[in-house]
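Working through the structure, step by step
Spelled out from the first residue to the last, the chains are:
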Amino acid sequence: AQSVTQLDSQVPVFEEAPVELRCNYSSSVSVYLFWYVQYPNQGLQLLLKYLSGSTLVKGINGFEAEFNKSQTSFHLRKPSVHISDTAEYFCAVSDQSDMRFGAGTRLTVKP
Amino acid sequence: EAGVTQFPSHSVIEKGQTVTLRCDPISGHDNLYWYRRVMGKEIKFLLHFVKESKQDESGMPNNRFLAERTGGTYSTLKVQPAELEDSGVYFCASRLGDRGTGELFFGEGSRLTVL
């Protein structure tokens, strides 16, 4: 069975600063990795996903993530955040059928 | 095209009462999932339907929870009788295929508060 650990429950940053949200996973089989974002009063929406190929994956809103198999990590990064990036971010791992999520990281961008 | 819709958005009930949550997946999506998030914790898998069949219900907490998907369209999740620890946000998601590469599309969630 797979599992996901998001190492930071809350990340406060100032506007235009870079940010990294950390995610580690464990699985006994090959997996696919996802980052979802939840804005206030909305459902989760997909930011980006890693299926295969290049380990650097680019998503919407300027986010990117890097798959590191040896460290079993899939950290999310953005070089310069905006106020509108304030939301909760969830890392997820999927095998052939089911998807499992981490506990989420609440990103707060301050002016 | 309509997304995944959930009803009600918020339900407040007393311990011992019954609540039924409904999920309408995206039309044509055979795979439907229920998840629950208790405050501050992970989004925990409850169960997975493929059409009307339960593919995996390993995450269902106990027999007070009953999920159905009659006709392979919408799904209901009934909690009877509700306990305090059932409070949380229940998310429904759907996916077109059953391969792990596909994106899950989520509803906005049903927040359940048990007093």
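Okay, so let's go over this structure. On a predicted model such as this, the values are computed, not experimentally measured, just so you know.

Parameters at a glance
- Residues numbered from 1 in each chain as written.
- Chains lettered and ligands numbered in written order.
- Predicted model: local features only at pLDDT ≥ 70, side-chain atom pairs only at ≥ 80, totals over all residues.
- Heavy atoms only, no water.
- Helix = DSSP H or I, 4+ residues; strand = E, 2+ residues; numbered from the N terminus.
- Rg over C-alpha atoms; globule rule 2.2 N^0.38 Å.
- Buried < 20%, exposed > 50% of the residue type's maximum accessible area, 1.4 Å probe, protein only.
- Contact = heavy atoms within 4.5 Å.
- Lys, Arg positive; Asp, Glu negative; His and termini not counted.
- Charge placed at Lys NZ, Arg CZ, Asp CG, Glu CD.
- Polar contact = N/O pair within 3.5 Å; in protein donor to acceptor, adjacent residues only side chain to side chain.
- Phe/Tyr/Trp six-rings, centres within 6.5 Å; stacked < 30°, edge-to-face > 60°.
- Buried area = accessible area lost by both parts, 1.4 Å probe.
- Salt bridge = Lys/Arg side-chain N within 4 Å of Asp/Glu carboxyl O.

Right, let's talk about the overall build of chain A for a bit. Helix and strand content of chain A: zero helices and 12 strands. Of the regular secondary structure in chain A, the N- to C-terminal order runs β-β-β-β-β-β-β-β-β-β-β-β. By the compact-globule yardstick of 13 Å for 111 residues, chain A fits well, its C-alpha radius of gyration being 13 Å. C-alpha atoms of chain A, sized along the principal axes, occupy 45 × 30 × 20 Å. By residue count, 48% of the 111 residues in chain A fall in the buried class. Of all intrachain contacts in chain A linking residues separated by at least 6 positions in sequence, the fraction that spans at least 24 positions is 55%. Of note, chain A has its 9 positive side-chain charges centred 3 Å away from the centre of its 10 negative side-chain charges.

Turning our eyes to something else, we now look at the side chain of B:Arg95. Residues and elements named next belong to chain B. Inspection of the secondary structure puts Arg-95 in strand S9 (residues 88-95). For Arg-95, a relative accessible area of 1% puts it in the buried group. In terms of polar contacts, Arg-95 uses its side chain to reach the side chain of Tyr-33, at 2.8 Å.

Following the criterion strictly, the structure yields 13 aromatic pairs over all chains and no others. Aromatic side chains A:Phe101 and B:Tyr35 sit 5.3 Å apart centroid to centroid with 90° between the ring planes, which places their arrangement in the edge-to-face category. Of this pair, A:Phe101 sits in strand S11 (residues 99-101) while B:Tyr35 sits in strand S4 (residues 31-37), placing the two residues on different chains. Neither A:Phe101 nor B:Tyr35 differs from the other in exposure class; each is buried. Consider the rings of B:Phe91 and B:Phe106, whose centres lie 6.3 Å apart with planes at 85°: the pair is edge-to-face.

Here we take up the interface of chain B and chain A. How large an interface is tends to be reported as the accessible area lost when its parts come together. Across the contact, 23 residues belong to chain B and 24 residues belong to chain A. A combined buried area of about 1,700 Å² lies between chain B and chain A, and 51% of that area is made up of carbon and sulfur atoms. Together, B:Ile43, B:Thr101 and B:Phe106 form the three largest contributors to the area buried by chain B at its contact with chain A, with a combined 28%. Across the chain B-chain A interface, the total number found is one salt bridge. Residues B:Arg37 and A:Glu88 are paired through a salt bridge, measuring 2.8 Å at the closest nitrogen-oxygen approach.

We now examine the pattern of salt bridges. With the rule as written, the count across this model stands at 13 salt bridges over all chains. A salt bridge links A:Glu66 to A:Arg77; its shortest N-O distance comes to 3.0 Å. Of this pair, A:Glu66 sits in strand S8 (residues 64-68) while A:Arg77 sits in strand S9 (residues 73-78), and the two are 11 residues apart along the sequence. You can call A:Glu66 partly exposed: its relative accessible area is 33%. Between B:Glu85 and B:Arg64 there is a salt bridge, and its shortest N-O distance comes to 3.9 Å. Remark: B:Arg64 occurs in the loop between strand S6 (53-56) and strand S7 (65-68) and B:Glu85 occurs in the loop between strand S8 (75-79) and S9; sequence separation between them is 21 residues.

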